[in-house]
Amino acid sequence: MNKGLIKRLVWSIPTLLGVTVVTFALVQLMPGNPADIWLRSKGIIPDAVSIAEIRRQMGLDQPLIVQYGAWLNEIMHLRLGLSFQSGLPVTEELASRLPATFRLMGSSFVTACILALPAGILSAWHRHKQLDHAVRFLSILGASLPHFWVGSMLIYLFCIRTSLLPMMGDGGIMHYIMPSTTMAAGMAAVYARMLRAGMLEAIAAPHYKAARARGIKRRRLLVQHAVRPALLPFITVIGDSFGYFWGSSIIVEAIFSWPGVGGLMIDAIFNRDYPVIQAITLVTAACVIAVNLAVDFIYYWLDPRIRAEGGRYEER
């Protein structure tokens, strides 16, 4: 196996450990008292005695190093602690919410590819023509519009004005259209521009010119000698976009009342539910690392130049 890939795999462990340290430290710096918020949520007027008792039950009366050690011990045993608000294991709450978020992210990725692939290919194939200018303009526009504006406009057009699509919730396939489009708009613009740049580079390469001189049919020339080489760097962008989709899901799930991790994260922040915030951050980091490792392995498998280098892996 490639030495660079093994090195990345080994370094993922201390990276996750560093994430736990930074996450724990930042959570402790959040303003507000979880015990005070918990008492008020139960309709109890907080006083010094009740706050001290709830802090003791939450383990917040211990020194920070002891709290961090206890959380790290939970992680080592594949547990993520108990939620301050619900009292349930955080793993159960995440298990009930993660499938909805992953479904939304998957549908958004598919939507982004459906929008970006033909746009990027046509833009590169018709370089400096009207179609190319239109695609580039739409790409800049898509990358510039914020999620809350796109989502609000879609709700106004397809729910309020026409009632063509359901506004909220996770139901049938129709419920996916608006949130998926909202999340996909920005990344589709990035995909299209990346694919266009890769195709233009492939078209300018000697192997493309040689294939064209041999009189290869136009469709085969486009697919094998222009699109296919451009997809290799495109794969790396797909790996980097996981974090984008995950971060976008917090906003989009709030707009469309999607029952995913985003809503859980927002509630945890407002309630100062430290175990939930720490768990979601850790799971996010683990998923990003896992996806990027998977992309590295796929890239290594698809690109024979890396395998031919005898184990040398250049950092991208």
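Residues numbered from 1 in each chain as written. Predicted model: local features only at pLDDT ≥ 70, side-chain atom pairs only at ≥ 80, totals over all residues. Heavy atoms only, no water.

For the protein chain, an unreviewed UniProt entry supplies the name Nickel import system permease protein NikB and the organism Paenibacillus apiarius. In the Subcellular location (unreviewed entry) part of its UniProt record, the protein chain is described as follows: "Cell membrane". The Sequence similarities (unreviewed entry) field of the UniProt record for the protein chain holds the comment "Belongs to the binding-protein-dependent transport system permease family. OppBC subfamily." (UniProt positions renumbered as here; feature names shortened; annotations may be inferred.)

Draft legend 1. Structural context of the overall build of the protein chain. Check the secondary structure of the protein chain and you find 13 helices and 0 strands. Ordered by position from the N terminus, the helices and strands of the protein chain form the series α-α-α-α-α-α-α-α-α-α-α-α-α. Dimensions along the principal axes, computed over C-alpha positions, put the protein chain at roughly 85 × 60 × 30 Å. Going through the 316 residues of the protein chain one by one, you find that 42% of them count as buried. Residue pairs at least 24 apart in sequence account for 72% of intrachain contacts in the protein chain once pairs closer than 6 positions are excluded. Of the roughly 17,300 Å² of accessible surface on the protein chain, 68% is carried by carbon and sulfur atoms. (Helix = DSSP H or I, 4+ residues; strand = E, 2+ residues; numbered from the N terminus. Buried < 20%, exposed > 50% of the residue type's maximum accessible area, 1.4 Å probe, protein only. Contact = heavy atoms within 4.5 Å. Areas by Shrake-Rupley, 256 points an atom, 1.4 Å probe, with all protein chains shown as cover.)

Draft legend 2. Focus on the packing of aromatic side chains. A full pass over the atoms with the stated rule returns 8 aromatic pairs. Ring centres of Tyr244 and Phe245 lie 5.5 Å apart, and the angle between their planes is 70 degrees; this geometry places the pair in the edge-to-face category. A relative accessible area of 24% places Tyr244 in the partly exposed class. Taken together, Phe24, Tyr68 and Trp71 form an aromatic cluster joined through their ring pairs. (Phe/Tyr/Trp six-rings, centres within 6.5 Å; stacked < 30°, edge-to-face > 60°.)

Draft legend 3. How the structure looks around helix H2 (residues 34-41). Buried within H2 we find Pro34, Ala35, Asp36, Trp38 and Leu39. Where H2 starts, the residue carrying a side-chain oxygen 3.0 Å from the main-chain nitrogen of Ala35 turns out to be Asn33. With its phi angle positive at about 80 degrees, Gly43 sits one or two positions after the end of H2. (Polar contact = N/O pair within 3.5 Å; in protein donor to acceptor, adjacent residues only side chain to side chain.)

Draft legend 4. Structural detail: the nonpolar core. Counting residues in each nonpolar core, the largest one holds 62 residues, and the members touching the most others are Leu80, Leu94, Met178, Tyr191, Phe245, Trp246 and Ile280. The dominant element in this core, judged by the number of residues it contributes, is helix H5 (residues 90-125), at 10 residues. In contact with Ile280, other than residues within four places in its own chain, are Leu94, Val261, Leu264 and Met265. Formed by 11 residues, the second largest nonpolar core is a distinct cluster that contains Leu195, Tyr208, Ile216 and Val227. (Core = buried A, V, L, I, M, F, W, Y, C linked by side-chain atoms within 4.5 Å.)

Draft legend 5. Summary view of the side chain of Asp132. Of note, Asp132 is situated in helix H6 (residues 130-144). By relative accessible area, Asp132 is classed as buried at 0%.

Draft legend 6. The UniProt feature "domain: ABC transmembrane type-1" (unreviewed entry) in the protein chain, seen in detail. Summarizing the sequence annotation, UniProt attributes the feature "domain: ABC transmembrane type-1" (unreviewed entry) to residues 98-295 in the numbering used throughout. For residues 98-295, the end-to-end C-alpha separation is 21 Å, with 84% helix and 0% strand making up the annotated structure.

Draft legend 7. Up close: the pattern of salt bridges. This structure, assessed with the given rule, holds 5 salt bridges. Here Glu53 ties to Arg56 by a salt bridge, and the two come within 2.7 Å at their closest N and O atoms. A residue pair is termed a helical-turn pair when its members lie 3 or 4 positions apart in one helix, as Glu53 and Arg56 do in helix H3 (residues 48-58) at 3 residues. Overall, Glu53 belongs to the partly exposed group, its relative accessible area being 33%. Note that Arg196 is salt-bridged to Asp132, the shortest N-O span being 3.0 Å. With a gap of 64 residues between them, Arg196 in helix H8 (residues 174-203) and Asp132 in helix H6 connect regions that are remote in the sequence. In the salt-bridge network here, residues are joined through shared partners; they are Asp132, Arg136 and Arg196. (Salt bridge = Lys/Arg side-chain N within 4 Å of Asp/Glu carboxyl O.)

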